[in-house]
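These are the residues of each chain, in order.
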Amino acid sequence: MAEQQPAFEDELKLNSVVGQLQNKPPLVTPWEIENLRSQLVDAAAGNRFLLQGGDCAERFSECRPDIIANRLKVLLQMSLVLVYGLRLPVTRVGRFAGQYAKPRSSDVEESNGQVLPSYRGDIVNEPEFGRHARRPAPERMIQAYEHSAMTLNYIRALGEGGFADLHHPEYWNLGFVRHESLRQEYQQIVDAILEALHFMEAVSTNPIGDVDRVSFYTSHEALLLPYEESFTRRALKDAPTYNLSTHFPWIGKRTSHVDGAHVEYARGIRNPLGLKIGPGTTTDGLISLLERLNPDNEAGRITLITRFGANQIADGLAPLLAHVEREGRLVLWACDPMHGNTETLSNGIKTRRFDNIKSELEQAFDLHADHGTILGGVHLELTGENVTECIGGARGLEEEDLHRAYQSQVDPRLNGEQALELAFAIVRKRRAMLSK
Ligand code: PEP
Ligand code: CO
């Protein structure tokens, strides 16, 4: 039995939806996937950095031009900060154009004596607590495909040159940074980036967006198996099989059992795979997963996305780094400082503290340095919108502020300012390490 699957009541309907999806055009192509794979090889070797980020869960209702563009802008700004600060090319991967399915800790939710299926993301049901809204509806998979296609279409169009306004200073307004010394330091970085952008514009006849055709790859958790299987295809008879609904699927923490259906599914596709690991992941367990998912130990195949939490990373990550290194397993290490740092406040609101997120990332850099391994990327939950979901950051959001613009139905995201601040924090950390 596959874990974390909704209990669809109407099997005929489910089969009919799968049949329809199997005949839809794919969202991505094998050659794009192979390009990403080779970039991940570079990141694992320390010659590139992976920036992966986006919503915890996309919503159909948020498939809107402003929301999509703002999210891309934040990712692009962050990547410019990282390119400048790390002196490395950055690969941008969004948690978007398909991030619609969520694992849940319980199959059901109870309220006022009524027990209903849990909300499992827009691809399955609706968050409102009602019998109709919560019924898993197979036809939502078609809507998920359509919303993914619309999102990706706009992302591809914007990537062709819609970001020419990045060089305007007002775009980099750092008014949220209250601390004077930090503000000055950030301003220096921004000035240097703007100067580089102006220089590139001066020597190129194209607007900046075209200089490096701003490309974004897509990723989502490969959770809802009937959907993923519908896009699992091979172009020619003897060609490799790919999941063509996304460039970069990942296996979530709750479904990463070596004998489980999700690992079995992922084994059969050639896409690069993300694998979430954290508290409870044992050294032996991890090696068996790597053997199962990457029997030939190919570079670029596996990205280990570690998500321990600021309090647990030191004890949890060190043995895994040592063991994977000792066994000679090739992986790209990325840090997800979000999912181990979620907490529920006394009023029931789920949040994350910016300081814990930053601390987990900084500790990850140090632990990798201590072990001679390379932290080649980050995995974040963020939005370009001005939400108030995570506590802290330069603007000093507090518990009392969270109600103002809390929008997530699932995990709390960094807002645009907090996300940019985190990119600066990475650069500061790297500089401090290098100057030691
Ligand atoms: C997620 O990335 O939204 C998620 C559920 O993560 P994890 O599987 O690491 O808990
Ligand atoms: Co999440």
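Residues numbered from 1 in each chain as written. Chains lettered and ligands numbered in written order. Predicted model: local features only at pLDDT ≥ 70, side-chain atom pairs only at ≥ 80, totals over all residues. Heavy atoms only, no water.

*Asks:* Tell me about the sheet that holds strand 11 (residues 332–335), and please be specific about residues and values.
*Replies:* Pairing in this closed barrel of eight strands is parallel, and the strands run 1-2-5-8-9-10-11-14 around the ring. Strand-to-strand twist of the sheet, defined as the mean angle between neighbouring strand axes without regard to direction, takes the value 25°. In this structure, strand 1 (residues 49–54) lies alongside strand 14 (residues 375–381), joined through five bridges in parallel fashion. The residue of strand 14 that forms the bridge with Leu51 is Val378. (Pairing = 2+ DSSP bridges. Helix = DSSP H or I, 4+ residues; strand = E, 2+ residues; numbered from the N terminus. Axes fitted to C-alpha atoms, helices over the stretch in contact; angles between N-to-C directions.)

*Asks:* Would you mind going over the pairing of strand 9 (residues 273–277) in detail, with residue names and values included?
*Replies:* The element strand 9 is largely enclosed, with a buried count of five among its five residues. Side-chain alternation along strand 9 places Leu273, Leu275 and Ile277 on one buried face and Gly274 and Lys276 on a second face that is also buried. Once the chain exits strand 8 (residues 248–251) it traverses helix 9 (residues 261–267) before rejoining the sheet at strand 9, and the crossover so formed is right-handed. The sheet contact formed by strand 9 and strand 10 (residues 302–306) spans five bridges and is parallel. By the bridge assignment, Leu273 is partnered in strand 10 with Ile302. As for the winding sense of the linkage, the β-α-β connection from strand 9 through helix 10 (residues 283–293) to strand 10 is right-handed. (Buried < 20%, exposed > 50% of the residue type's maximum accessible area, 1.4 Å probe, protein only. Right-handed = clockwise from strand over helix to strand, strands pointing away.)

*Asks:* Describe in detail the environment of Gln363, supporting the description with residues and values.
*Replies:* Assignment of secondary structure puts Gln363 in helix 12 (residues 354–371). The class of Gln363 is partly exposed, set by a relative accessible area of 22%. Residues contacting Gln363, with those up to four places away along its chain left out, are Ala310, Ile313 and Ala314. A polar contact is formed between the side chain of Gln363 and the backbone oxygen of Ala310, at a distance of 3.0 Å. (Contact = heavy atoms within 4.5 Å. Polar contact = N/O pair within 3.5 Å; in protein donor to acceptor, adjacent residues only side chain to side chain.)

*Asks:* Explain the coordination of the cobalt ion (ligand 2) residue by residue, including any values.
*Replies:* Taken together, Cys56 (SG), His339 (NE2), Glu381 (OE) and Asp411 (OD) make up the protein donors of the cobalt ion (ligand 2), found 2.1 to 2.4 Å from the metal. Mapping the donors of the cobalt ion (ligand 2) onto the primary sequence gives the spacing C-x282-H-x41-E-x29-D. Pair noted here: Cys56 is in the loop between strand 1 and helix 3 (65–86) and Asp411 is in the loop between strand 14 and helix 13 (416–434), with a separation of 355 residues, a long-range link. For the pair Cys56 and Asp411, one class covers both residues: buried. (Donors = N, O, S within 2.8 Å, 3.2 Å for Na, K, Ca; no water.)

*Asks:* Explain a negative patch on the surface to me, using residue names and the numbers behind them.
*Replies:* Side chains of Glu9, Asp10, Glu11 and Glu139 sit close together on the surface and give a patch of like negative charge. Along the polypeptide, Glu139 turns up in the loop between helix 4 (131–134) and helix 5 (140–159). (Patch = residues over 30% accessible without salt bridge, like charges linked within 9 Å, V, L, I, M, F, W, Y side chains within 5 Å. Areas by Shrake-Rupley, 256 points an atom, 1.4 Å probe, with all protein chains shown as cover. Salt bridge = Lys/Arg side-chain N within 4 Å of Asp/Glu carboxyl O. Lys, Arg positive; Asp, Glu negative; His and termini not counted. Charge placed at Lys NZ, Arg CZ, Asp CG, Glu CD.)

*Asks:* Explain helix 12 residue by residue, including any values.
*Replies:* In this model helix 12 runs 26 Å from its N-terminal to its C-terminal C-alpha over 18 residues, within 8% of the 26 Å that 1.5 Å per residue would give. Taken together, the buried positions of helix 12 are occupied by Phe354, Ile357, Glu360, Leu361, Ala364, Phe365, Leu367 and His368. Among the structural elements, strand 1, strand 10, helix 11 (313–326), strand 11, strand 14 and helix 13 are those in contact with the buried residues of helix 12. Following helix 12 by one or two positions, Gly372 adopts a phi angle in the positive range, close to 70°. (Expected span 1.5 Å × (residues − 1).)

*Asks:* Report on the layout of surface pockets, specifying residues and quantitative values.
*Replies:* Think of a ball as big as a water molecule: rolled over the atoms, this probe shows where empty space is left. Counted as a void, the second largest pocket has a volume near 350 Å³. Lining the second largest pocket are 20 residues, and of these Lys102, Pro103, Arg254, His339 and Asp411 sit closest to its centre. Split into classes, the residues belonging to the lining of the second largest pocket amount to four nonpolar, four polar and 12 charged. (1 Å grid on protein atoms, 1.4 Å probe; cavity = no way out; pocket = protein on both sides within 12 Å on 5 of 7 lines; lining within 4 Å. Points joined across faces, edges and corners; volume = space filled by probe spheres on them. Nonpolar A, V, L, I, M, F, W, Y, C, P; charged D, E, K, R; others polar.)

*Asks:* So, the site of ligand 1: which residues are in play, and what are the values?
*Replies:* The environment of ligand 1 is formed by Cys56, Arg95, Lys102, Pro103, Trp250, Gly252, Lys253, Arg254, Lys276, Arg307, His339 and Glu381. Here Arg254 contributes a side-chain N or O atom positioned 3.5 Å from an oxygen atom of ligand 1. Contacts to ligand 1 include Arg307, whose side-chain N or O atom sits 2.7 Å from an oxygen atom. Against a free-state accessible area of 290 Å², the protein chains account for coverage of 97% of ligand 1. Put simply, ligand 1 lies in the second largest pocket. (Near = heavy atom within 4 Å. Sits in = over half its atoms within 2 Å of the grid points.)

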